[in-house]
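Survey of secondary and tertiary structure
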Amino acid sequence: MSLRQKLLLLFSLTIAATVAAVTWTVLLRIRHVFEVRDQEETALFVSQFQREFQSRSAEVAASVGRIAQSDRARAITGELAQTGDPAPYVNEAQTMAQEAHLDFLEIVAPGGEIVSSAQWPARFGYAEPAASAPQGGSFLKREELPDGSQALGLFAMDSVRGSDRPLRILGGEKLDQAFLAGLPVAPGMTVGLYADTQPEPAQKSSAEFDARQFVAGGGPVANADAYKPLILSTLAAGQQSTSILYLTAKREESLNVTAIPLKNEAGQPLAVLTVAISRSGMVAAQQQIRATAYGVASGGMLFAIVFSLWIAARVSRPIEEMARASEAVAGGNWDVTVEERGRDELTVLARSFNHMTAELAAQRERLVQTERVAAWRELARRLAHELKNPLFPLQLTVENLARSRQLAEAEFNEVFEESTRTLGMEIANLKKIIGRFSDFSKMPRPQLERADAADLVERVRALYATACGENVALRTEVADEPMPLDVDPELLHRALSNLVLNAMDAMPDGGMVTISARPAGKAIELRVADTGQGLTPEECERLFTPYYTTKQHGTGLGLAIVQSIVADHDGTIGVESDAGSGATFIISLPMAGA
Amino acid sequence: MRQLPALLAGDEFLIAKPGATPDGGSGPFQVSGFVSGVLSLTANDSSWQGRPFLDAIEIRVHRAVNDQWLDFAAGRADLIEIPAERIRQAQQQHLPVLISQPVEVLTLELEESGALSNASLRSGIGYAIDRGALANVIFQRQGIPAGALLPQNVSGFAFLFSADRDLNRAHELRGGAASPALQLEAEGDGALQLAAQRIVLDLREAGFNVQMARSGAGSPAIRLRALRVESADPAADLAAMARAAGIAFPAFSSDPAAVYRAERELLDRKTLIPLLDLPLAYAVGTRVRDLRLQSDGMPDLAAVSLEPSR
């Protein structure tokens, strides 16, 4: 992974993590705020509803009070006190209830027995259990009806004034679907009433939930079973409780429900009033905010990636240029420079790099100059040395020839012939030395063509198989697989021949010369090994230096020429040697087509 | 069988020819039409009693009591029915009310099989009902608590049948066991429904598990209905009541002792429990003259005449 990619990944992850953390925190906070607001709104609605409920209770109490204070009620009280006959008033309660728009109304005698009942006219004469209830206020009461069912009612009781033994008026309004429908509810609010008004069988458990008994203003409550745990727990605890009910798996189809127990005078819960407020609006708002947050976060992350790309490119470009320049320097191109921008550390680094490469180039130039001078000195020394050997015989011969003028003609002729022969031989020797130097200076460029390494080895073997003599053996080891090379066969033959000749020279007492060829990865290795005395490490280091030789009469140019040929083929040459166990020269050339 | 002519004169033996023209009959009035709930009668010149004074009578059938009351107050009706429970109200409003002798017996019919197959249970129901509350309150003192099927004015021995409530006896006869679920149906509306509700309350107080039957809920175990006393002949009336209640009852003579034994035997079955004797009553307009009630409580219109309108 490149520096730019690492920087990009680092920046992107950092920004993405930051954006995600901020988004998550914001969403969490928004959700909390919405929940609190929803609860406050629910509490407000519940409070308003409870006030409305109290208002309706007060209306019931007021209606009962008006009936109790009516002239008719007073007349009945008076007549009843005189006659003691309640029969004429058996239907009176029905008339009064209709006029007062009450669902329940009973006229109760001072003794507690019913004089007239609107909801159950036949109950006259029976005792009214609620006759001892406090007067004035309202209370809840479960009322039996003629059909055997029960109804929950909001009741109030008041006495008819003007008599020592006053009648009491017990009136109420039925808490049912119609009552709920008459209550003002806010949009999205559903008010439900659960009152078990069916006659209780002996085996009926209080923990049973009858969904049919759970009604709202518009009819049966939808998904009534979802309310079951809340209603039963409220009935059991007798305390108001609030819960969020999920009608389906979707959050928007959930309700914030407050369950209010409705108790009788004894504090026993008779019913549960539920105020359910839909959370769909809140959830929709949350989802809209969440979608916006996700959009902003996505945009932020996209911007972060683009910005990271820009930053990474800006930060990494000088470093990448520096890396490329370093690679170029490592590859031998010391003339490369990097651009210097700004005044930051990277600029300082670039300036230092440029300075370093300039210094390296200068040092290399000086080194080349030095080496060139050294090479010329060496060349001069070698030339002097090589030329000095034939010149000394020449000088002696010429001096001898000059002295021989004093001799007799016969003796002069003998010396003259001997001297001219010697001069000719030494002049030929000088020509030979000069020819070698000329060859080294005129190394031709290779003419590449496809050839197999095995053929090259075979050609060398065929040339030197007989020339080795009796005490030197020559053998070859060639791999069976194809070993194609793009080489100049003549130059490579010349190089191999040079190595074979060196090997033969290294074994004056005889031995074995082995020429081998084998693939080595994407290269072909050509080895020439001998079993001679081998080379010292110092000799191995200097072996390819021009004019360096270990031979008494060598020019030191043979291995230099071999190295030059190998280098011209983009190959390498090395030597492995252990003292006393011979030496192996290894030529590695790139395989053709690899 | 001495009461055979009376039996044959009953409504159930009425012979009518389908599609016959309304000019038949030998009574004082003949049916002349029935349009929009108004039955028109015209005087029969060839009546065996002689031509009545009235030329025609219009009878509005199935008219609500309050509507009849309004018609009467507005002078659109000369004769209206007054239910027994509203006789007192009519009298308080100074309406001229004509009240018959008790001619209806409010009776509970008990199923002899099923949930009430136990005679003791049926007997306990009879003891559980507060007839006084029915008579005094629901029927506004116009009913007479009855322990006998035949009213006292018809048989003369009705006082021998007790009509008192005995809750302890009712509990005792019920046996203390859980009562089977019973349904009570009232054949009628108004006071009859109210009476049925009261009976349900009384029975529940005695430990019976009784509910008012919902319409179409099947055959109820208890049925509240009013049986008519249509003649002055006790034997014929008793036989007619048994027949109306669907009880197969052996023939008996019209001797008062035989009628008493027959009634005792009929009541001992505990399938008919008499509750109240009720009269029929009518508010009569001021221009109506010489209106009398027959023994079955129905007005005798043959001798009625009207004063000219002022």
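Shown above is the structure to which this text applies.
As the structure is a computational prediction, the values presented were derived from the model and not from experiment. (Residues numbered from 1 in each chain as written. Chains lettered and ligands numbered in written order. Predicted model: local features only at pLDDT ≥ 70, side-chain atom pairs only at ≥ 80, totals over all residues. Heavy atoms only, no water.)

1. Quick word on the overall build of chain B
When helices and strands are tallied, chain B shows ten helices and 14 strands. In chain B, the proportion of contacts linking residues at least 24 apart, taken out of those at least 6 apart, comes to 66%. When the accessible area of chain B is evaluated, it comes to approximately 15,500 Å², of which 51% is carbon and sulfur surface. (Helix = DSSP H or I, 4+ residues; strand = E, 2+ residues; numbered from the N terminus. Contact = heavy atoms within 4.5 Å. Areas by Shrake-Rupley, 256 points an atom, 1.4 Å probe, with all protein chains shown as cover.)

2. Things to note about helix α10 (residues 489-505) of chain A
The periodicity of an α-helix, 3.6 residues per turn, causes residues three or four places apart in sequence to face the same way. With 17 residues, α10 of chain A should reach 24 Å at 1.5 Å per residue; the first-to-last C-alpha distance of 24 Å fits that figure. Of all 17 residues in α10 of chain A, 13 are buried, a share of seventy percent or more. (Expected span 1.5 Å × (residues − 1). Buried < 20%, exposed > 50% of the residue type's maximum accessible area, 1.4 Å probe, protein only.)

3. Structural notes on the pattern of salt bridges
Residue and element names in this part refer to chain A. Scanning all chains against the criterion turns up 35 salt bridges over all chains. The salt bridge involving R351 is made with E340; its shortest N-O contact spans 3.6 Å. You can see R351 sitting in helix α7 (residues 345-403) and its partner E340 sitting in the loop between α6 (280-330) and α7, a full eleven residues away along the chain. With relative accessibility at 41%, the residue R351 sits in the partly exposed group. (Salt bridge = Lys/Arg side-chain N within 4 Å of Asp/Glu carboxyl O.)

4. Structural notes on the sheet that holds strand β1 (residues 104-108) of chain A
Backbone hydrogen bonds are what pair the strands of a sheet, in a parallel or an antiparallel way. Residues and elements named next belong to chain A. Taking strand neighbours across the sheet as the criterion, the five strands line up as β2-β1-β5-β4-β3 in an open arrangement whose pairing is antiparallel. Across the chains shown, the open sheet's two edge strands, defined by having one partner strand only, are β2 (114-117) and β3 (138-144). Neighbour-to-neighbour, the strand axes of this sheet turn through a mean angle of 30°, independent of strand direction. Pairing of strand β4 (residues 150-159) with strand β5 (residues 168-174), which is carried by seven bridges, proceeds in the antiparallel orientation. The residue of β5 that forms the bridge with D158 is I169. Helix-sheet contacts for helix α3 (residues 92-100) involve β1 and β2, and the interaxial angle to β1 is about 135°. (Pairing = 2+ DSSP bridges. Axes fitted to C-alpha atoms, helices over the stretch in contact; angles between N-to-C directions.)

5. A closer look at the packing of helix α4 (residues 119-128) of chain B against helix α7 (residues 167-174) of chain B
All names here are of chain B. Where α4 meets α7, the closest approach of the two axes is 8 Å, and the angle between their N-to-C directions is 165°. The orientation of α4 relative to α7 falls into the category roughly antiparallel. Every pair of crossing elements has a handedness; the one defined by α4 and α7 is left-handed. Side by side, α4 and α7 meet where S120, L121, S123, G124, Y127 and A128 of the first sit next to L167, R169, A170, L173 and R174 of the second. Residues of the contact of α4 with α7, tallied by class, amount to six nonpolar, three polar and two charged. (Parallel < 35°, antiparallel > 145°, perpendicular 65-115°, else oblique. Left-handed = near helix turned anticlockwise from the far one by under 90°. Nonpolar A, V, L, I, M, F, W, Y, C, P; charged D, E, K, R; others polar.)

6. Quick word on a nonpolar patch on the surface
Together, M1, L9 and L13 of chain A make up a nonpolar patch on the protein surface, roughly 340 Å² of accessible area in all. With respect to the helices and strands, L9 of chain A occurs in helix α1 (residues 3-68). (Patch = residues over 30% accessible without salt bridge, like charges linked within 9 Å, V, L, I, M, F, W, Y side chains within 5 Å.)

7. Here we look at the packing of helix α5 (residues 131-138) of chain B against helix α8 (residues 191-205) of chain B
Packed helices, taken two at a time, are described by the angle between their axes plus the distance between the axes. All names here are of chain B. Running from amino to carboxyl end, α5 crosses α8 at an angle of 145°, the nearest separation of the two axes being 10 Å. In terms of crossing hand, the pair formed by α5 and α8 is right-handed. Counted together, A133, L134 and I138 of α5 and A191, L194, A195, R198 and I199 of α8 form the full contact between these two elements. Grouping the amino acids of the contact of α5 with α8 by side-chain chemistry returns seven nonpolar, no polar and one charged.

8. Re the nonpolar core
Most often, soluble globular proteins have nonpolar side chains that are buried together. Core analysis: the biggest nonpolar cluster contains 55 residues, and L108, I125, L184, I222, L224 and L275 of chain B have the highest contact counts within it. It is α8 of chain B that provides the largest number of residues to this core, a total of nine residues. In contact with L275 of chain B, other than residues within four places in its own chain, are L106, T107, L108, I129, R131, L134, I144, P145, A146, I199 and L224 of chain B. Counting residues in hydrophobic clusters, the runner-up holds 47 residues, among them L379, L559, I565 and I587 of chain A. (Core = buried A, V, L, I, M, F, W, Y, C linked by side-chain atoms within 4.5 Å.)

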